[in-house]
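Coordinates in review
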Amino acid sequence: MIDYNVAPFEVVRDYDKCVNCRVCERQCSNEVHHYEEGFGKMISDSTKCVDCQRCVCLCPTKALKILPNQNAFRPNANWQQKYLTEIYKQAESGGVLLSSMGNPEPFPVYFDKILINASQVTNPSIDPLREPMETRVFLGAKPQTMQRDREGKILPKLPPRLKLSMPVMFSAMSYGSISYNAHAALARAAEKLGIYYNTGEGGLHKDFYKYSANTIVQVASGRFGVHKDYLEDGAAIEIKIGQGAKPGIGGHLPGAKIVGDVSKTRMIPEGSDAVSPAPHHDIYSIEDLRQLVYSIKEATEYKKPVIVKIAAVHNVAAIASGIARSGADIIAIDGFRGGTGAAPTRIRDNVGIPIELALGSVDQRLREENIRDNVSLVVAGSIRSSADVVKAICLGADAVYIGSASLVAMGCHLCRTCNYGKCNWGIATQRPDLVKRLNPDIAAERLINMLTAWNHEIQEMMGGMGINSIEALRGNRLMLRGVGLNERELAVLGIKHAGEV
Amino acid sequence: MKKIYVKEEWCLGCHLCEFECAYANSGIGNIVLALKDKEIDPNVKVLSDGKITFAVSCRHCDEPLCISACISGALSKDETGAVMVDKSKCVGCGSCVMVCPYGAVRITKEGTANKCQLCMNNTFGEPLCVKKCPNGAIVFEEK
């Protein structure tokens, strides 16, 4: 049989530098490298390479590099090589194409077309190293009225809230899609940083109940791993309706990954496929959603905020308006660039809308309907830096979720082959020899370092604008200007063009 | 004293430590020059039973059997407590090799004893196996 595909990458070895230590061979789960006795040197099979850069990073003499394969099909602006390659795959397998991590296609990144303001002369900037700068955020409903007792003292009766030291949380990533060690690192980092991580739909491993004060537990359409202790253990409970990478469809963790503790944690038999339905079969309307929100609140004695997470789709503003009236305390919106452990390629690359536009329209809609304070807004879907965080907050978010960024901090190189289950960095895998490659002591420290740095940068940017608290930044669109955006885009974002006063 | 400890849980069996050790003790500045086409004889060795891997090097015991066994006074503790080898005194009798419970001492091609000396006597001044371990499986710490 002819293999119609060509290797997308080429492993290039500098034989002057290679010392035959065979570290690359031992570290590649795709078995690209091997020592060829006959030649007396290392040989690489580029066709198996996924460009995860593990060998490049570990090579002690820096003898390796991975390049795009110069052997390319005849250039064609319409029939690009990837379309041919995908057809070859489907012509061979007859299957739906699968992809991992966020949409890599060249759609506009609105964050990159937005610039942040700074103070000059007339409104002094603030130096965060010398003056207080508040990045603490509370998530949950903000009461509209104040109640006092008979002596006039304020009754401090507030709806349940989440307290974050900075406006960033780790996105939902299930135990199963990512490894035990990756979860351990996220949990430890969240605790140390005073923020939250999210179990995703995989249940909560018994070892991680001790991080309950910093855990958001998820209830998704498959209801895997959901039981009373699980709900009671979370600091908040998230109802997952949709995910940015695959709006409108469910999930499928293959039976091969449902082994040992993953099976126990999900509360399903070993080897059985974990299929999450596309919809929650008890939610076909906002009224149904309200029932689940209040069932969960009832089960947890109204002590915990309830988050409803949706994917950013065309009519996201109307849906968010409904959710804000459903009794939910927090709405999480996941943009079309959000990551995934596996999603059908066509859906990941073609469904949903950018988070910047979704956020702009949702915040505007909730304000117009005077229900913005009913809920907090958390946005996700490719927040890549502290500048993205600041821009999202100016567009109306209370906080952001980061998934891909946190994986990258732990070593992920976005090779986008999580669905193979052979992650060389020990993140998106359940193979014990690969899982141990992620030492949670190191990974947690790297997560803490990254977010500590982001927090400093957020404070610097706020100080530059003359703003000393996140509260004063939220929805402050005057602090943003667009570059190269048309009238419609600016209107949806609710910002002016650069140069406009 | 600060000693090298190995966390078996995190050892990946990549053998990087062996090559970094050989480089550190080669006296050659360039890593390629130090390792290229050479058979290495490092002071740390990754042992494996196929499942578990573990980097073994000198434990710098509080009461080192190798020093007691040394017939020529070539082995001694320095002021920090590290067990050091004076090659000029070593006669290559192999007594230390026989008594070491960890198999961490060996007789080199030169005919003298050699073992991990915590990179104290080379240009790095800190154990390179620790610094270069990709997974924090080898640590240099006070316990």
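The shown structure was predicted, so the numbers you read here are calculated from the model rather than taken from an experiment.

A separate point is the overall build of chain B. Across its full length, chain B holds 5 helices and 8 strands. Along chain B, helices and strands appear, N-terminal first, in the series β-α-α-β-β-α-β-β-α-β-β-α-β. A globule of 143 residues ought to have a C-alpha radius of gyration of about 15 Å, and chain B, at 15 Å, matches this closely. Judged by the C-alpha coordinates and their principal axes, chain B covers about 40 × 35 × 30 Å. Relative to its 143 residues, chain B shows a buried fraction of 50%. Residue pairs in contact within chain B that sit at least 24 positions apart in sequence constitute 54% of those at least 6 positions apart. Seen as two clouds, the 17 positive and the 17 negative side-chain charges of chain B have centres 2 Å apart.

The geometry of two aromatic rings is summed up by the distance between their centres and the angle between their planes. In total, this model carries 8 aromatic pairs over all chains according to the counting rule given. Taking the centre distance of 5.4 Å and the plane angle of 70° together, the rings of Phe-107 of chain A and Phe-336 of chain A count as edge-to-face. Here Phe-107 of chain A is found in the loop between strand E5 (98-99) and strand E6 (114-116), whereas its partner Phe-336 of chain A is found in the loop between strand E16 (330-334) and strand E17 (343-344), with 229 residues between them in sequence. Owing to a relative accessible area of 6%, Phe-336 of chain A belongs among the buried residues under this scheme. Between Tyr-23 of chain B and Phe-124 of chain B, the ring centres sit 5.4 Å apart and the planes meet at 65°, which makes this aromatic pair edge-to-face.

As a further point, take the state of the cysteines. Tallied over the full model, the rule gives 0 disulfides over all chains. Between Cys-52 of chain A, a cysteine without a disulfide, and Cys-415 of chain A, which holds the nearest cysteine sulfur, the sulfur-to-sulfur distance is 5.5 Å. You can see Cys-14 of chain B has no disulfide; the closest cysteine sulfur is in Cys-17 of chain B, sitting 6.4 Å from it. On the accessibility criterion, Cys-14 of chain B (7% relative accessible area) is buried.

Now for the sheet that holds strand E11 (residues 215-219) of chain A. Residue and element names in this part refer to chain A. Sheet architecture is open: 8 strands sit in the order E9-E19-E18-E16-E15-E12-E11-E10, paired in parallel fashion. Single-partner strands in this sheet number two, and they are strand E9 (168-170) and strand E10 (197-198). Pairing between E9 and strand E19 (residues 399-402): 3 bridges, direction parallel. Looking at the pairing, Val-168 lines up with Val-400 of E19.

Looking now at the environment of Met-166 of chain A. Here Met-166 of chain A lies in the loop between strand E8 (162-164) and E9. Residues within four places of Met-166 of chain A in sequence aside, it is in contact with Thr-135, Ile-195, Leu-451, Trp-454, Asn-455 and Ile-458 of chain A.

Moving on, we come to the packing of helix H8 (residues 316-324) of chain A against helix H10 (residues 355-368) of chain A. Residues and elements named next belong to chain A. The contact between H8 and H10 brings their axes to 8 Å, and the two run at 50°. Looking at the two axes, H8 sits oblique to H10. Handedness of the crossing formed by H8 with H10: right-handed. The residues of H10 that touch H8, namely those facing Val-316, Ala-317, Ala-318, Ala-320, Ser-321 and Ala-324, are Ala-358, Ser-361, Val-362, Arg-365 and Leu-366. Considering only residue class, the contact of H8 with H10 consists of 8 nonpolar, 2 polar and 1 charged.

A separate point is the side chain of Ser-46 of chain A. Residue and element names in this part refer to chain A. With respect to the element layout, Ser-46 can be found in the loop between strand E3 (41-44) and helix H2 (54-58). Judged by relative accessible area, which is 16%, Ser-46 ranks as buried. Within the structure, the side chain of Ser-46 is placed 2.9 Å from the backbone nitrogen of Val-11, a separation counted as a polar contact. Each residue touching Ser-46, except ones within four places of it in the same chain, is listed here: Ala-7, Phe-9, Glu-10 and Val-11.

All names here are of chain A. In spatial order, the strands read E6-E20-E21; together these 3 strands make up an open sheet with mixed pairing. One side of each edge strand has no neighbouring strand; the edge strands of this open sheet are E6 and strand E21 (496-497). As judged from the 2 bridges shared by strand E20 (residues 480-482) and E21, these two strands associate in the parallel manner. Paired with Gly-482 across the two strands is His-497, which belongs to E21. Against the sheet, helix H11 (residues 386-394) engages E6 and E20, with an angle of about 95° to E6.

Generally, phi is negative for residues other than glycine and the peptide bonds are trans, each holding for most cases. Residue and element names in this part refer to chain A. Non-glycine residue Met-267 carries a positive phi angle of around 60°. Within the secondary structure, Met-267 sits in the loop between helix H6 (260-266) and strand E14 (274-276). With a phi close to 50°, Leu-414 is a non-glycine residue in the positive phi region. The residue Leu-414 is located in the loop between helix H12 (404-410) and helix H13 (432-435) in this model. Here Leu-414 falls in the partly exposed class, since its relative accessible area comes to 39%.

This part covers the domain arrangement of chain A. Residue and element names in this part refer to chain A. Taken domain by domain, chain A consists of domain 1 (9-95) and domain 2 (166-497). Domain 1 and domain 2 are separated by 33 Å when their C-alpha centres are compared. Taken together, the 12 residues of domain 1 in the interface contact 12 residues of domain 2. Our count for the contact surface shared by domain 1 and domain 2 stands at 1 salt bridge. A salt bridge links Arg-346 to Glu-86, with the shortest nitrogen-to-oxygen separation between them at 2.8 Å. Taken together, domain 1 and domain 2 are joined by 5 residue pairs in polar contact (both at pLDDT 80 or more). For the side of domain 1 that touches domain 2, the secondary-structure elements that each account for two or more residues are helix H1 (23-27) and H2. Considered class by class, the residues forming the side of domain 1 that touches domain 2 number 4 nonpolar, 4 polar and 4 charged.

The rules behind the values
- Residues numbered from 1 in each chain as written.
- Chains lettered and ligands numbered in written order.
- Predicted model: local features only at pLDDT ≥ 70, side-chain atom pairs only at ≥ 80, totals over all residues.
- Heavy atoms only, no water.
- Helix = DSSP H or I, 4+ residues; strand = E, 2+ residues; numbered from the N terminus.
- Rg over C-alpha atoms; globule rule 2.2 N^0.38 Å.
- Buried < 20%, exposed > 50% of the residue type's maximum accessible area, 1.4 Å probe, protein only.
- Contact = heavy atoms within 4.5 Å.
- Lys, Arg positive; Asp, Glu negative; His and termini not counted.
- Charge placed at Lys NZ, Arg CZ, Asp CG, Glu CD.
- Phe/Tyr/Trp six-rings, centres within 6.5 Å; stacked < 30°, edge-to-face > 60°.
- Disulfide = S-S within 2.5 Å.
- Pairing = 2+ DSSP bridges.
- Axes fitted to C-alpha atoms, helices over the stretch in contact; angles between N-to-C directions.
- Parallel < 35°, antiparallel > 145°, perpendicular 65-115°, else oblique.
- Left-handed = near helix turned anticlockwise from the far one by under 90°.
- Nonpolar A, V, L, I, M, F, W, Y, C, P; charged D, E, K, R; others polar.
- Polar contact = N/O pair within 3.5 Å; in protein donor to acceptor, adjacent residues only side chain to side chain.
- Domains from an automatic or database assignment.
- Salt bridge = Lys/Arg side-chain N within 4 Å of Asp/Glu carboxyl O.

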